[in-house]
Structures are given as C-alpha cells and as structure tokens.
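In case you want the letters, here they are:
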Amino acid sequence: MNNEVTIMNNIDKLIYPQNGRRKNIFYSGKGGVGKTSMACITAVQTAKKGFKTLLLTTDPAAHIGNVLDKPVTDEITKIDGLENLYAVKIDQKKAMEDYKNQILEDVRGKFDENTVKAMEEELNSPCTEEMAAFQKFIEYAGKEDFEVIVFDTAPTGHTLRLLELPMDWSKQIQLKARLSAGISEADKEQKEKFDKVIEMMKNEEETTFSFVMYPEKTPIIEAYRASEELKTVGIKTRMIVANMIIPEEQAVTSFFKNRRNMQLKYLEEIKERFNEAVVLPVPMYERQIKGMEMLERISYNIFEKESL
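Thresholds, definitions, all that
- Residues numbered from 1 in each chain as written.
- Predicted model: local features only at pLDDT ≥ 70, side-chain atom pairs only at ≥ 80, totals over all residues.
- Heavy atoms only, no water.
- Helix = DSSP H or I, 4+ residues; strand = E, 2+ residues; numbered from the N terminus.
- Buried < 20%, exposed > 50% of the residue type's maximum accessible area, 1.4 Å probe, protein only.
- Contact = heavy atoms within 4.5 Å.
- Pairing = 2+ DSSP bridges.
- Core = buried A, V, L, I, M, F, W, Y, C linked by side-chain atoms within 4.5 Å.
- Phe/Tyr/Trp six-rings, centres within 6.5 Å; stacked < 30°, edge-to-face > 60°.
- Lys NZ or Arg CZ within 6 Å of the ring centre and 35° of its normal.
- Lys, Arg positive; Asp, Glu negative; His and termini not counted.
- Salt bridge = Lys/Arg side-chain N within 4 Å of Asp/Glu carboxyl O.
- Polar contact = N/O pair within 3.5 Å; in protein donor to acceptor, adjacent residues only side chain to side chain.
- Axes fitted to C-alpha atoms, helices over the stretch in contact; angles between N-to-C directions.
- Parallel < 35°, antiparallel > 145°, perpendicular 65-115°, else oblique.
- Left-handed = near helix turned anticlockwise from the far one by under 90°.

K.L.:
A description of the overall build of the protein chain should follow, citing residues and the corresponding values.
P.N.:
Helix and strand counts for the protein chain stand at 11 helices and eight strands. In the protein chain, which comprises 308 residues, the proportion classed as buried is 47%. Residue pairs in contact within the protein chain that sit at least 24 positions apart in sequence constitute 75% of those at least 6 positions apart.

Right, dumping it as structure tokens:
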C-alpha cells in the first residue's frame, strides 16, 4: 500500500500544476492504444480538481468528441457537464489553407510571379500540412488562460515529426532571409513563440510527457525507441500508462489468467526500461469508454481511489 501511495503522490505532481505554474500533459504512443481515452480521463480529473483545463488533440482522427460524447470543433469550446473543462481539435486541412494563404500573402509583391508560383507548388506538400498543424499547436500551447493543457497527440511518428518541425522551419526562415536580405518582424515573433513552446516542453516542472502502451513486447520496444529519440531533443518521458490490464477479479479462466500473468511480466519490463518514469497501470474496462459520467468514475478510480 505504501508503494501505491508513493506512486499516486508522484502522479499528482505529474498531472496537477506545481508552484503556481501551468501543467502541460502530453500523451503519445502507437495508434489505438488508448491515448485519446487517457487524455480525456486526465482532463476530466484536473477539471474536477478545480483547474481550468484545455483538452487539445493534434491527431487527425480526433476521437475526443466521441469519448466525451460532446461536440468538439476547431474553436475552443466549453464542455457541458463539468466546470473548468474546455476542448479543441486542430483541423489540419483548415490550418493548412490558413498557413498557405498567410505565407503567399507575405511573399506577393516582394518576389516575381515565377518565384511565388514555385513557392505555391512547394507549399502543396504533406510537410506544409504538418507545419500548419504545428503552428496551430504553438498558438494553443502558448495560451496563458488555462492552468492545465492536456494534449492528445497523433501516433508516435507524427509526434516526433512535430518536434523536428521547428528545425525545418528555421531552415525556411534562413532561406527567406537570404531572399529578402533579412528576417521579418513576423518571422522573429513566430520564432520566439516556437522557441518558448519547445523550452516549455523541456521544463519538467511544467510538462509531463507520457507514453500510453499495452503491456506487450512490440509497443514497449517502439515506445522505448521513441523516448530515447525524445531525449536527444531534451525531452524526458515522465510517465508511462500501461493500459488494458486484465483486472485480477476477472482472471477466472485459464486463458485470462495466462494473459494477466503475461501482462504482469511485461509490466516489470516496462518498469525496468523506463526506470526514470512513473508507471501507471490502467485496467481494461468491460465497455467502450464514453460519456462524462463514465469518465468521472474512471478518473476517480485511476487517480484517487488507489491513494486512499
């Protein structure tokens, strides 16, 4: 029990604001491992505790509306049924159009028609869509009017790409600087925002970066590789959510007993590999996680009940 209390105390530090500073919680991992559900559960918990919380998804699939059972759009929306909870999704297509228009508006009149046309063609690429989504992400991450922001990120590869984008963007800035003999004030301002958010992501008091996974070999190895890659940009993995663990009371047949024993073995491997992170085991639920009532009940079971 003492070990459980210690784990929960550590979890409290990872999900609630400390010393009056905003808390940013990132959930990453393979597609389909339960990142969205975990992000919704966490956002419900912090909102219940009285912290003004924004739940944000950068995942193109954007399932948070399904889990909340509430409409979520690309405008920040108050979620009915719980004080302090707000949600927003990044509409990548819309963000891309806005981003392209902004850049082309900036270059028209400064360069000849052929250069503008070449730039327009270059902007019709998947990289531009990622860049546009990242700019939106920067906009929301820089907001000061929330005490907690929970990020439901796209699958792992996209998340790592997201973190590499500022470097690509810096190259774009250098190219524009060479073409126009200097960096514009708008570019300087944007770069400052980028740098500020990347520094925020590296600050352990402000940011908790988490991986969600099933306790199985392949997800463990993939998440471990990704976490090692994150270290190279100065971001530590602070929490691991071991999801879909078969509850002991449900392991009544030989099949489920064997599956649970296998999961417990992999849980030990997770603790060994991610020895600097807090490991949070989350049970499998008998039905799809959906709706505020179920989310509130689960958030209590995960984040509060164990510490009693």
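K.L.:
Residue-level account of the pairing of strand β1 (residues 23-28), with values.
P.N.:
Counting buried positions along β1 yields six of six residues, so the element is predominantly enclosed. Because side chains alternate across β1, one face comprises the buried residues K23, I25 and Y27, and the other comprises N24, F26 and S28, equally buried. Sheet topology note: the β1/strand β5 (residues 148-152) ladder contains five bridges and is parallel. The residue of β5 that forms the bridge with K23 is V148.

K.L.:
Outline the nonpolar core, listing residues and values.
P.N.:
Residues F137, M201, F211, M213, I240, I270 and F274 are the most contacted members of the largest nonpolar core, which totals 47 residues. The element contributing the most residues to this core is helix α6 (residues 126-141), with eight residues. Setting aside anything within four residues of it in sequence, one finds M213 in contact with V33, P219, I220, A223, I240, V241, A242, N243, I270 and F274. Grouped together as the second largest cluster of nonpolar side chains are 38 residues, L68, V72, V278 and I302 included.

K.L.:
Run through the packing of aromatic side chains, naming residues and quoting values.
P.N.:
Applying the stated criterion across every chain yields a total of seven aromatic pairs. Centroid distance Y86 to F146: 5.5 Å. Interplanar angle 70°. Geometry classified as edge-to-face. Here Y86, found in strand β4 (residues 85-89), pairs with F146, found in the loop between α6 and β5; they are 60 residues apart in sequence, far enough to count as distant. Residue class for F146 comes out buried when judged on its relative accessible area of 4%. Joined through ring pairs, the aromatic side chains of F26, F151, F209 and F211 make up one cluster. The lysine or arginine in question, K52, covers the ring of Y86, its NZ or CZ lying 5.3 Å from the ring centre. Of note, R273 hangs over the ring of Y224, and the distance from its end group to the ring centre comes to 5.0 Å.

K.L.:
Could you give an account of the pairing of β5, naming the residues involved and the relevant values?
P.N.:
Burial analysis of β5 places five of its five residues in the buried class, the great majority of the element. The side-chain alternation of β5 yields two buried faces, one formed by V148, V150 and D152 and the other by I149 and F151. As judged from the five bridges shared by strand β2 (residues 53-57) and β5, these two strands associate in the parallel manner. Residue pairing in the sheet places T57 in a bridge with D152 of β5.

K.L.:
Can you lay out the side chain of R22 for me, pointing to particular residues and giving the numbers?
P.N.:
When you line up the elements, R22 lands in the loop between α1 (2-15) and β1. Despite its burial, R22 pairs with no opposite charge; the closest candidate is E144, at 5.1 Å N-O. For R22, the side chain forms a polar contact with the side chain of N24, separated by 2.8 Å. Contact partners of R22, with chain neighbours within four places excluded, come to A141, G142, K143, E144, F146, E147, V148, I149, M200 and E206.

K.L.:
Summarise the packing of helix α4 (residues 92-107) against helix α5 (residues 113-123); cite the residues concerned and give the values.
P.N.:
At a closest axis distance of 11 Å, the pairing of α4 and α5 adopts a crossing angle of 165°. In terms of orientation, α4 lies roughly antiparallel with respect to α5. The crossing of α4 and α5 is right-handed. For the pair α4 and α5, the contacting residues are M96, K100, I103, L104 and V107 in the first and V116, M119, E120 and L123 in the second.

K.L.:
Talk me through unusual backbone geometry; I want residue IDs and the actual numbers.
P.N.:
A positive phi angle is found at D69, which is not glycine, with a value near 60°. The residue D69 is located in the loop between α3 (64-68) and β3 (77-78) in this model. Classification of D69 as partly exposed rests on a relative accessible area of 49%.

K.L.:
Describe in detail the sheet that holds strand β6 (residues 207-213), supporting the description with residues and values.
P.N.:
As summarised here, the arrangement of the eight strands in space is β3-β4-β2-β5-β1-β6-β7-β8, forming an open sheet in which the pairing is mixed. Where the open sheet ends on each side, the last strands, each with one partner, are β3 and β8 (278-283). Bridge count for β6 against strand β7 (residues 237-245) is five bridges, and the pairing is parallel. Bridging from a neighbouring strand, F211 pairs with I240 of β7. In the packing of helix α2 (residues 35-48) onto the sheet, contacts are made with β1, β2, β4, β5, β6, β7 and β8, and the angle to β5 comes to roughly 170°. Here helix α9 (residues 217-232) sits on the sheet and contacts β6 and β7; the angle it forms with β6, its principal contact strand, is near 155°.

K.L.:
Describe the pattern of salt bridges, and please don't skip the residues or the numbers.
P.N.:
Under the criterion given, the structure shown has 16 salt bridges. With a closest N to O distance of 2.9 Å, E205 and R21 form a salt bridge. Placement of E205 in the loop between α8 (185-202) and β6 and of R21 in the loop between α1 and β1 is noted, with a sequence separation of 184 residues between them. Judged by relative accessible area, R21 falls into the partly exposed class, the value being 34%. With a closest N to O distance of 3.9 Å, K100 and E97 form a salt bridge. With a gap of three residues between them, K100 and E97 both fall in helix α4, about one helical turn apart. K100 sits in the buried class, given a relative accessible area of 11%. Take E97: its relative accessible area is 41%, and that puts it in the partly exposed class. A cluster of three or more residues bridged by salt bridges with shared partners is formed by R21, E205 and E206.

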